[in-house]
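# Report on the structure
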Amino acid sequence: MAHPRIGVIGGSGVYQIEGLADAEWRQVETPWGWPSDEILTGRLDGIAMAFLPRHGRGHVLAPSEVPFRANIDALKRLGVTDVVAVSACGSFREDMAPGDFVIVDQYIDRTFARAKSFFGSGCVAHVSLAHPTCARLSDAAVQAAEMAGVTVHRGGTYLAMEGPQFSTLAESRMYREHWGADIIGMTGMPEAKLAREAELCYASVAMVTDYDCWHPGHDAVDVAAVIRTLTLNSANARALVARLPALFGDRPEVCPCGCDRALEFALMTAPERRDPALVAKLDAVAGRVLGCR
Ligand SMILES: CSC[C@H]1O[C@H](OP(=O)(O)O)[C@H](O)[C@@H]1O
Ligand SMILES: Nc1ncnc2[nH]cnc12
């Protein structure tokens, strides 16, 4: 089968995609361990795609347990260049209502118990995260959402919290009133950071399920409320994904945003001081600049 170019990461409520021709669940081992689950590959409208459920089928992994590095490495290893990540989220804005989709363009990272980089001792690198998502891919996601008949907001700041508990009222108010966050979830980081390090184009489709706990007219979020909205949202998410292949027919050779060259000037460690073991682990993620592929 052709290498899948489009990779979809499914979040809460999105554990598979439908209508794939030649669908096959494949085990992909990586130097960073196993991904969250097997990866579903197949063709949608003739375009090769890969799908990975972030929490595993049946939602077995908590946000802090998601093997983010293995997930990104595995998608890259399969040949994916464009990652569309789907997530449930709470909203800090009246006008970003449950059922709406937000195409994220900024993050505030409050996570603290996760591996956040492929690089480190023996191979240090610093990529830019000024614009953490791919504008080209995000435009396509907006278009796909509009075609699917979903109310979609282009741009939004996603606060990534560690979880698994939801926020306190004081936190929710602080994020909303003082930090300028628009939405909140538990998985957007370090996923977006790692996609950038792996030179993947990354777009985040956040599906609003609740108003967290700040809204005087709504009950504080609980899983029952999230699931109620997700039941509707996940059908919309699948409708959005179904539109992606048609929009991706003509991916330019080079990403105009530069996502596919993020490591060009990022490596700091002198070639003779690099740790061969780490360099070997980076074969899929950074082989282009490390000369191991
Ligand atoms: C089920 S509510 C909390 C849970 O849902 C979101 O998951 P994902 O981002 O993978 O869709 C949120 O981040 C939490 O992990
Ligand atoms: N309010 C919320 N906080 C964190 N993660 C969420 N996922 C869905 N709703 C959420």
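Bear in mind the structure is a predicted one, so any value in this text is a computation, not a measurement.

What counts and how
- Residues numbered from 1 in each chain as written.
- Chains lettered and ligands numbered in written order.
- Predicted model: local features only at pLDDT ≥ 70, side-chain atom pairs only at ≥ 80, totals over all residues.
- Heavy atoms only, no water.
- Axes fitted to C-alpha atoms, helices over the stretch in contact; angles between N-to-C directions.
- Helix = DSSP H or I, 4+ residues; strand = E, 2+ residues; numbered from the N terminus.
- Contact = heavy atoms within 4.5 Å.
- Nonpolar A, V, L, I, M, F, W, Y, C, P; charged D, E, K, R; others polar.
- UniProt positions renumbered as here; feature names shortened; annotations may be inferred.
- Buried < 20%, exposed > 50% of the residue type's maximum accessible area, 1.4 Å probe, protein only.
- Near = heavy atom within 4 Å.
- Polar contact = N/O pair within 3.5 Å; in protein donor to acceptor, adjacent residues only side chain to side chain.
- Phe/Tyr/Trp six-rings, centres within 6.5 Å; stacked < 30°, edge-to-face > 60°.
- Lys NZ or Arg CZ within 6 Å of the ring centre and 35° of its normal.

Between two packed helices, both the angle of their axes relative to each other and the distance between the axes serve to describe the pair. Put simply, helix 1 (residues 68–78) and helix 7 (residues 283–290) touch, their axes get as near as 9 Å, and they point 60 degrees apart. Across from Asp73, Lys76 and Arg77 in helix 1, the residues of helix 7 making contact are Asp283, Ala284 and Val285. Classifying every residue of the contact of helix 1 with helix 7 by side-chain character gives two nonpolar, no polar and four charged.

So, on to the UniProt feature "binding site: phosphate" (unreviewed entry) in the chain. According to UniProt, the feature "binding site: phosphate" (unreviewed entry) maps to Ser12, Arg54, His55, Ser87, Ala88 and Thr187 in the numbering used here. Across 176 residues, the annotated set stays spatially compact, with a maximum C-alpha separation of 12.1 Å. Within the secondary structure, Arg54 is located in the loop between strand 4 (47–53) and helix 1. As for its position among the elements, His55 is in the loop between strand 4 and helix 1.

Attention now goes to the UniProt feature "site: Important for substrate specificity" (unreviewed entry) in the chain. Taking the numbering used here, the UniProt-annotated feature "site: Important for substrate specificity" (unreviewed entry) corresponds to Ser167 and Val223. In terms of the greatest pairwise C-alpha distance, the residues named above, spread along 57 residues, form a tight cluster of at most 13.0 Å across. Here Ser167 is to be found in the loop between strand 9 (157–160) and helix 3 (169–178). Looking at Ser167, the relative accessible area reads 11%, which means it is buried. Excluding its chain neighbours within four sequence positions, the residues that come into contact with Ser167 are Met161, Ser172, Tyr175, Ile184, Asp212 and Cys213. Its place among the elements puts Val223 in helix 5 (residues 223–247).

This next bit is on helix 4 (residues 188–197). Of all the 10 residues making up helix 4, 10 are buried; the element is thus mostly covered by neighbouring parts of the structure. Listed as buried for helix 4 are Gly188, Met189, Pro190, Glu191, Ala192, Lys193, Leu194, Ala195, Arg196 and Glu197.

Before going further, it helps to examine the site of ligand 2. The environment of ligand 2 is formed by Ala88, Cys89, Gly90, Met161, Phe166, Ile184, Gly185, Met186, Thr209, Asp210, Asp212 and Val221. Contacts to ligand 2 include Asp210, whose side-chain N or O atom sits 2.6 Å from a nitrogen atom. Contacts to ligand 2 include Asp212, whose side-chain N or O atom sits 2.8 Å from a nitrogen atom. Sorting the residues of the shell around ligand 2 by element identifies strand 5 (82–91), strand 10 (183–185) and strand 11 (201–210) as the ones contributing at least two each. Residues that form the shell around ligand 2 fall into these classes: seven nonpolar, three polar and two charged.

Turning next to the packing of aromatic side chains. Scanning all chains against the criterion turns up five aromatic pairs. On the basis of an interplanar angle of 55 degrees and a centroid distance of 5.4 Å, the ring pair of Tyr175 and Trp179 is categorised as tilted. Using a relative accessible area of 35% as the deciding quantity, one classes Trp179 as partly exposed. Here the aromatic cluster, defined as three or more aromatic residues joined through ring pairs, consists of Phe92, Tyr175 and Trp179. The cationic tip of Arg57 hangs over the ring face of Trp25; the distance from NZ or CZ to the ring centre is 3.7 Å. Positioned over the ring face of Trp214 is Arg176, at 3.6 Å from the centre of the ring.

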